[in-house]
Amino acid sequence: RDSVCVRWHVENSGEPLPFSRGCSFYELNSDGLIQDGIDFVEPQVFKPGGVTLFIESLKNKIEQEPARLIPLSMWLAYMLIVFFSDGILPGANALQLEQRTWEEVRDLSLNFFLV
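Residues numbered from 1 in each chain as written. Predicted model: local features only at pLDDT ≥ 70, side-chain atom pairs only at ≥ 80, totals over all residues. Heavy atoms only, no water.

1. Regarding the overall build of the protein chain
Along the backbone of the protein chain there are three helices and three strands. Helices and strands appear in the protein chain in the N-to-C order β-β-β-α-α-α. The globule rule puts the C-alpha radius of gyration for 115 residues at 13 Å, and the 27 Å found for the protein chain is more than 25% above it. Dimensions along the principal axes, computed over C-alpha positions, put the protein chain at roughly 80 × 40 × 40 Å. For the protein chain, with 115 residues in total, the buried portion stands at 8%. Looking at the protein chain as shown, the accessible area adds up to about 10200 Å², and 62% of this sits on carbon and sulfur atoms. Each charge sign in the protein chain was given a centre, from 9 positive and 16 negative side chains, and these centres are 5 Å apart. (Helix = DSSP H or I, 4+ residues; strand = E, 2+ residues; numbered from the N terminus. Rg over C-alpha atoms; globule rule 2.2 N^0.38 Å. Buried < 20%, exposed > 50% of the residue type's maximum accessible area, 1.4 Å probe, protein only. Areas by Shrake-Rupley, 256 points an atom, 1.4 Å probe, with all protein chains shown as cover. Lys, Arg positive; Asp, Glu negative; His and termini not counted. Charge placed at Lys NZ, Arg CZ, Asp CG, Glu CD.)

If you want it as structure tokens, here you go:
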């Protein structure tokens, strides 16, 4: 048997596309035709596996028990009101707080965690 290794990339108008490279190994039969092969493709930078799994899991849980949508909706409303609303609560929203306020929150949280 003969074998062949090929390094390749995909081009568009003569320019290589990003994340479109790879390496392929082929085994040839006695007639020179491909009998078996395997491709190794360059991995993508962003792999949405964990995020996709979380979203699918949440979707399935809500489909199985629609009552779960109520606390989820309340949590989302709470986060939107506290962090992004102007005028519903007195004072500025949480994103307009000063840096020293966030540092104090962090430090108090660490102190509470270590107690």
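2. Section: the sheet that holds strand β2 (residues 15-28)
Pairing in this open sheet of three strands is antiparallel, and the strands run β1-β2-β3 from one edge to the other. Lying at the two open borders of the sheet, with one neighbouring strand each, are β1 (2-12) and β3 (34-41). Neighbour-to-neighbour, the strand axes of this sheet turn through a mean angle of 25°, independent of strand direction. When β2 meets β3, the two strands line up antiparallel, connected through seven bridges. When the bridges of β3 are listed, Gly22 appears paired with Val41. (Pairing = 2+ DSSP bridges. Axes fitted to C-alpha atoms, helices over the stretch in contact; angles between N-to-C directions.)

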